[in-house]
Amino acid sequence: NVQQISTLVNDLLFLQEMDLVLPDFQAVDLNGVAQTVMDRYMEKAIERNVKLRLKTSPSLPPVSGDIKSLERALMSLVDNAIKFSSAGGEVEIRLSSAGDKVFMIVEDHGIGIVSENLPRIFDRFYHVEKSGENLYGGIGLGLAITRQVITQHHGSIDVVSEPGRGSTFTITLKRSR
């Protein structure tokens with residue numbers, strides 16, 4: 001419980017800080033952001049018997065942003081993807097670009113999200129507590145943080161999901177000029 005309270009306080013403080021202070025943006029290599037997140041979550045993936053894969057893009061252009069905020073946004077997506085994947089499942093982080101857009105995609109083959117819940121998943125404190133016989137912990141701030149970070153980076157986040165088949169979250173950002 002102490003860990004959950006600590007996480008809650010840190011997430012609330014982060015959200016409040018993001019509301020008040022917009023960090024100075026600089027050129028950010030999303031390949032590096034994704035590798036940092038991958039390294040951080042590899043142990044959790046192994047513990048849950050989930051394969052965590054990263055497909056970087058050597059020619060990926062940098063984006064204008066705050067590296068720590070972008071790491072936090074991607075961490076929430078990867079954390080959820082691992083949490084909602086079954087043992088033996090797979091989570092993939094992919095990076096790509098097209099024109100002036102740069103994409104970070106997190107795909108899992110987990111429990112998925114029912115369509116009536118999709119409009120609410122980015123709301124603060126909304127989370128899935130149970131699916132079938134499985135109970136899921138959480139506070140419901142991760143996706144709210146992700147959306148806030150991406151909005152402040154003038155980007156977008158989209159999700160495609162099907163119950164029982166998994167979810168794909170796509171973050172779209174503009175390349176740095």
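Note: the structure precedes this text.
Scoring rules and cut-offs
- Residues numbered from 1 in each chain as written.
- Predicted model: local features only at pLDDT ≥ 70, side-chain atom pairs only at ≥ 80, totals over all residues.
- Heavy atoms only, no water.
- Axes fitted to C-alpha atoms, helices over the stretch in contact; angles between N-to-C directions.
- Helix = DSSP H or I, 4+ residues; strand = E, 2+ residues; numbered from the N terminus.
- Left-handed = near helix turned anticlockwise from the far one by under 90°.
- Contact = heavy atoms within 4.5 Å.
- Pairing = 2+ DSSP bridges.
- Core = buried A, V, L, I, M, F, W, Y, C linked by side-chain atoms within 4.5 Å.
- Buried < 20%, exposed > 50% of the residue type's maximum accessible area, 1.4 Å probe, protein only.
- Salt bridge = Lys/Arg side-chain N within 4 Å of Asp/Glu carboxyl O.

Help me understand the packing of helix α3 (residues 67-83) against helix α4 (residues 142-152) in this model?
How two helices sit against one another is set out by the angle between their axes and by the gap between those axes. Two elements in contact, α3 and α4, have axes whose closest approach is 8 Å; the angle formed by their N-to-C orientations is 145°. Read as a crossing pair, α3 and α4 show a hand that is left-handed. Side by side, α3 and α4 meet where Ser69, Leu70, Arg72, Ala73, Ser76, Leu77 and Asn80 of the first sit next to Gly142, Leu143, Ile145, Thr146, Val149 and Ile150 of the second.

Could you clarify how one ought to interpret the pairing of strand β4 (residues 90-98) in this entry?
Within a regular strand, the side chains alternate between the two sheet faces. Bridge analysis of strand β2 (residues 51-55) against β4 gives 5 bridges, and the strand direction is parallel. Note that in β4 the partner of Arg53 across the bridge is Glu92. Relative to strand β5 (residues 101-108), β4 runs antiparallel, the two being bridged by 8 bridges. Across the sheet, the residue bridging to Ser96 is Phe103, located in β5. Linking two consecutive strands that pair antiparallel, namely β4 and β5, is a turn of 2 residues; a positive phi of about 60° is found at Gly99 within it.

Looking at this structure, I do not really get the nonpolar core. What am I missing?
Leu30, Leu52, Leu74, Val78 and Phe169 are the most contacted members of the largest nonpolar core, which totals 39 residues. Breaking this core down by element, the ones donating at least two residues are α2 (30-47), β2, α3, β4, β5, α4, β8 (156-162) and β9 (166-174). With 8 residues, α3 is the single largest residue contributor to this core. Sequence-distant contacts of Leu52, that is, excluding residues within four places in its chain, are made with Met38, Tyr41, Met42, Ala45, Val78, Ile82, Val91 and Ile93.

Teacher, can you tell me more about the environment of Ile67 here?
Mapping Ile67 onto the fold places it in helix α3. Classification of Ile67 as partly exposed rests on a relative accessible area of 36%. Between the C-alpha atom of Ile67 and that of Gly32, which follows or precedes it by 35 residues, the distance is 9.2 Å. The contacts of Ile67, once residues within four sequence positions are left out, are Val28 and Val33.

Whenever I open this one, the pattern of salt bridges confuses me. Can you help?
Close approach of charged atoms allows side chains of opposite charge to pair. Summed over the entire model, instances satisfying the criterion amount to 7 salt bridges. Taking the shortest distance from any N to any O, the salt bridge between Lys44 and Asp79 comes out at 2.4 Å. Within this pair, whereas Lys44 is found in helix α2, its partner Asp79 is found in helix α3, the two being separated by 35 residues in sequence. Residues Lys55 and Glu92 are paired through a salt bridge, measuring 3.7 Å at the closest nitrogen-oxygen approach. Here Glu92 lies in strand β4 and Lys55 lies in strand β2, a separation of 37 residues in the sequence. Residue classification places Lys55 among the partly exposed positions, given a relative accessible area of 44%. Shared partners join several salt bridges into a network, and the residues in it are Arg53, Lys55, Glu90, Glu92, Arg94 and Glu107.

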